[in-house]
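# Notes for the structure review
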Amino acid sequence: MEQLVDSYGRHIKSMRISITDKCNFRCTYCMPAEGLPWLKKPEILTYEEIVRISRVAVDMGIEQIRLTGGEPLVRRDVPDLVYQLHQLPGLRSLSLTTNGVLLKDQARPLAEAGLTRINVSLDSLVREKFAKLTRRDQLDRVLIGLEELEKYPSIHPIKVNAVAMRDFTEEEVLDFVQLARRKAYVVRWIEFMPLDADQIWRKEDILTGAELKAIIEAKYGPLVPVRGGDPSETARRYTFSDGIGEIGFINPVSEPFCSTCDRIRLTADGQLRTCLFATEETDLRAVVRSDADDEQLAQTIRRAVWHKELKHYIGDKRFKRANRSMSMIGG
Ligand code: SAM
Ligand code: SF4
């Protein structure tokens, strides 16, 4: 099938699929304390619909699929979906982004179903700070979930992602570095973006990757770049002079990577988004629920991709907030 390419010549290889808008956490940078008006069941794509859209997208060159949410593991039978996606010929990587709280029971079925990579979000290693940020006192369960993952080497690497926020993250940076050096986890920090439902984001709250790197280098000396990743890789990857441990910085605000962006996103209610900060979407749910055939579905996806946004404008006068917050998009 004709490959997915946008009007700026970017080849689209990666699709993030949100499988639910619901979540068992209420991270302050993402959701309001009381949650959001959840989608109703009939509004959400069924697994069958997700697999059909994925199959067509993989035929057009999508090589990586990442399941996300909301919290993906609150939806039932996620391993069944993983198993079906894993069968798609041409898919190179199938991953999941999770807050980790349900991994104790889910790690094994996910590994058995064919999950190959995982990102666990973890912003603090201090119980009180974790509880304040997520509004749930469940740090222990996340750490147990991470340990459980270590038993399944087919899920590799295990990435731990922390949102970097000024006056929150700095004091724990070195503890996270220790975690990356002690455990087989790749630890990455991602800059705080204006995608929070409560609109608390302020420019002053961004803690850049460069600032974090300086804190780490003050203790460990110059970090050593890890080369050889994908050109569309979002993280700047580093190891230490002794080669033990890997860390990374994802800097969408201070060093935007829009020019090499190869991603599209599918929301839980079947809307295709060609940018995290998109203000418009393409309704794939309507297409899969009509009598359109796969070629018509492919054409709809191709047309949307052609109009992929050039870049986000965070920090610029032209910046417009996305029409949904992070948990409704699928980060
Ligand atoms: N619930 C899962 C989790 O937390 O990993 C998956 C969905 S969550 C929306 C995906 C990722 O987006 C998480 O790593 C989270 O930390 C990140 N995120 C949420 N809001 C953000 C924001 N305003 N800026 C930067 N990252 C954010
Ligand atoms: Fe839930 Fe993830 Fe948003 Fe936190 S970041 S509230 S865990 S969707």
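Cut-off values and rules
- Counting restarts for each chain: residues are numbered from 1 in the order of the written sequence.
- Each chain is given a letter, starting from A, and each ligand a number, starting from 1, according to the order in which they appear as written.
- Only residues with pLDDT of 70 or above have their local features reported here, since the model is predicted, and side-chain atom pairs are shown and tallied only from 80 upward, although totals for entire chains, interfaces and linings are computed over all residues.
- To obtain the side-chain values, all non-hydrogen atoms of the structure were used and water was disregarded.
- Nearness here has a simple test: a residue counts as near a molecule or strand if at least one of its heavy atoms is within 4 Å of that partner.
- Throughout this entry, Asp, Glu, Lys and Arg are counted as charged residues, while Ala, Val, Leu, Ile, Met, Phe, Trp, Tyr, Cys and Pro are counted as nonpolar. The remaining residues, Gly among them, count as polar.
- Runs of H or I in DSSP of at least four residues are treated as helices and runs of E of at least two as strands, each being numbered from the N terminus.
- It only takes one pair of heavy atoms within 4.5 Å for two residues to be counted as in contact.
- Take a side-chain nitrogen of Lys or Arg and a carboxyl oxygen of Asp or Glu: if they are within 4 Å of each other, that pair is a salt bridge.

### So, the site of ligand 2
Lining the immediate environment of ligand 2, one finds Cys23, Phe25, Cys27, Tyr29, Cys30, Gly70, Asn99 and Ser327. Tallied by class, the residues present in the shell around ligand 2 amount to five nonpolar, three polar and no charged.

### What to know about unusual backbone geometry
For the bond from histidine 156 to proline 157, the omega torsion is -5 degrees, close enough to zero to count as cis. Here proline 157 lies in the loop between α5 (139-149) and β5 (158-164). Its identity is not glycine, yet aspartate 77 carries a phi of approximately 55 degrees, on the positive side. Turning to its location among the elements, aspartate 77 is positioned in the loop between β2 (64-68) and α2 (78-86).

### So, the environment of methionine 165
The topology assignment puts methionine 165 in the loop between β5 and α6 (173-182). Expressed as a C-alpha distance, the spacing of methionine 165 and glutamine 296, which sit 131 residues apart in the sequence, is 44 Å. In this view, methionine 165 contacts Tyr29, Leu133, Glu170, Phe192, Asp205 and Leu207; residues no more than four positions away in its chain are not counted.

### With respect to the pattern of salt bridges
According to the stated counting rule, one finds 29 salt bridges in the structure shown. Among the salt bridges present, the one from aspartate 242 reaches arginine 181, with a minimum N-O distance of 2.7 Å. Of the two residues, aspartate 242 sits in the loop between β8 (235-239) and β9 (246-250) while arginine 181 sits in helix α6, which places them 61 residues apart along the sequence. A salt bridge links arginine 302 to glutamate 295, with the nearest nitrogen and oxygen atoms 3.7 Å apart. When salt bridges that share partners are traced, they join Asp269, Arg273, Glu281 and Arg324 into one network.

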